[in-house]
Amino acid sequence: MDTAGEVACVDFWANGFGMRARIALRELGVAFRYVEEDLRVRERSELVRRMNPVHRSVPILVHGGRPVCGSLNILEYIDDTWGNNKARCLLPKDPVHRAHARFWADFIDQKVFSTQTRFLKSKGEEKAVAKCELLEQLKRLDEVLGDKAFFAGDEFGFLDAALVPFSSMFRGYEQHGGFSLDTECPSLMRWVRRCKERESVKSVLPDEDDMYELHKKWYGIE
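Residues numbered from 1 in each chain as written. Predicted model: local features only at pLDDT ≥ 70, side-chain atom pairs only at ≥ 80, totals over all residues. Heavy atoms only, no water.

- Under an unreviewed UniProt entry, the name given to the protein chain is glutathione transferase, and the organism recorded is Urochloa decumbens.
- You can read under Catalytic activity (unreviewed entry) in the UniProt record for the protein chain the words "RX + glutathione = an S-substituted glutathione + a halide anion + H(+)". (UniProt positions renumbered as here; feature names shortened; annotations may be inferred.)

So this is what it looks like as structure tokens:
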């Protein structure tokens with residue numbers, strides 16, 4: 001772990017935030033070691049407590065023995081370190097487009113993820129409200145994507161890496177809410193299928209049924 005230049009990603013297989021880092025590393029061809037941190041266990045490992053003493057959470061990117069924490073922060077670090085000076089990078093070159101990508105990535109974290117949690121955990125009228133909000137947020141992303149291949153255009157980039165891990169719960173959303181995302185968000189679902197053709201994505205995304213079963217246990221869903 002302390003070897004100069006060595007890259008490790010500390011994460012849990014079903015952690016959507018951590019999948020971002022693993023996808024980005026694979027996109028830019030960065031060799032790394034994966035270290036599993038089982039989030040089903042209440043107590044965090046000594047490694048996590050040492051590398052992320054503030055939040056004690058994963059993902060953690062460890063580069064040459066030094067930790068980088070926070071999933072979007074990790075994405076930017078990966079891009080700055082291995083992509084920024086090369087032809088292939090994750091964030092767009094144009095400052096406005098870069099700001100745009102960061103804005104919608106923050107929207108995913110602050111809006112979509114929190115709404116997902118309420119949708120899965122709540123009951124009755126509160127669940128119905130959360131379901132409507134979640135669909136509205138996904139439709140907003142569908143509009144942002146439009147008819148482009150990827151969010152930044154023709155190439156898979158920062159915002160794609162930020163969002164595609166959460167598509168592993170889309171089937172769970174449909175089963176839980178009784179709706180079809182192919183109907184509600186057709187562009188977004190075509191984008192998901194396009195992303196899953198990439199080796200970087202299909203080698204990281206878990207089975208959708210396994211994801212939903214795990215979340216049902218986490219959230220106490222019958």
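On we go from here.
## Quick notes on the overall build of the protein chain
Here's step 1: Helix and strand content of the protein chain: 11 helices and 4 strands.
Here's step 2: For a compact globule of 222 residues, the expected C-alpha radius of gyration is about 17 Å, and the protein chain comes in at 17 Å, within 12% of that figure.
Here's step 3: C-alpha extents for the protein chain along the principal axes are approximately 55 × 40 × 25 Å.
Here's step 4: Looking at the 222 residues of the protein chain, the share that counts as buried comes to 52%.
Here's step 5: Summed over its atoms, the accessible surface of the protein chain is roughly 10,900 Å², and 49% of this surface lies on carbon and sulfur atoms. (Helix = DSSP H or I, 4+ residues; strand = E, 2+ residues; numbered from the N terminus. Rg over C-alpha atoms; globule rule 2.2 N^0.38 Å. Buried < 20%, exposed > 50% of the residue type's maximum accessible area, 1.4 Å probe, protein only. Areas by Shrake-Rupley, 256 points an atom, 1.4 Å probe, with all protein chains shown as cover.)

## Comments concerning the nonpolar core
Here's step 1: Of all hydrophobic cores here, the largest spans 65 residues; its most connected members are Ile78, Leu138, Tyr173, Leu181, Leu188 and Trp191.
Here's step 2: Considering each element in turn, this core owes the most residues, 8 residues, to helix α4 (residues 95-121).
Here's step 3: Filtering out sequence-adjacent residues up to four positions away, leucine 188 remains in contact with Leu138, Asp142, Leu145, Phe151, Leu163 and Phe170.
Here's step 4: Listed in part, the 9 residues of the second largest apolar core include Val35, Val48, Met51 and Val58. (Core = buried A, V, L, I, M, F, W, Y, C linked by side-chain atoms within 4.5 Å. Contact = heavy atoms within 4.5 Å.)

## Focus on the sheet that holds strand β4 (residues 66-69)
Here's step 1: Reading across the sheet, the 4 strands line up as β2-β1-β3-β4 and stay open at both edges, with mixed pairing between neighbours. The sheet is open, and its two edges are formed by β2 (33-36) and β4, each paired on a single side. The mean inter-strand angle of the sheet, taken between neighbouring strand axes irrespective of direction, is 25 degrees.
Here's step 2: Across 4 bridges, the pairing between strand β1 (residues 7-11) and strand β3 (residues 60-63) is antiparallel. What sits directly across from cysteine 9, in β3, is leucine 61.
Here's step 3: Against the sheet, helix α1 (residues 16-27) makes contact with β1, β2 and β3, and its axis sits at roughly 155 degrees relative to β1, the strand it touches most. (Pairing = 2+ DSSP bridges. Axes fitted to C-alpha atoms, helices over the stretch in contact; angles between N-to-C directions.)

## Examining the side chain of serine 167
Here's step 1: With respect to the helices and strands, the residue serine 167 is situated in the loop between α6 (158-163) and α7 (170-177).
Here's step 2: Here the side chain of serine 167 touches valine 164 through a polar contact of 2.6 Å, landing on its backbone oxygen.
Here's step 3: Apart from residues lying up to four places away in sequence, serine 167 is in contact with Val192, Lys196, Leu205 and Glu208. (Polar contact = N/O pair within 3.5 Å; in protein donor to acceptor, adjacent residues only side chain to side chain.)

## Digging into α7
Here's step 1: Among the residues of α7, Phe170, Gly172, Tyr173, His176 and Gly177 are the ones counted as buried. One side of α7 holds all its buried residues, which, seen down the axis, span an arc of 155 degrees.
Here's step 2: Those residues of α7 that are buried are in contact with α4, α5 (124-145), α8 (181-184), α9 (186-195) and α11 (208-219).
Here's step 3: Remark: glycine 178 follows α7 within two positions and exhibits a positive phi of approximately 70 degrees. (Arc of directions from axis to C-beta.)

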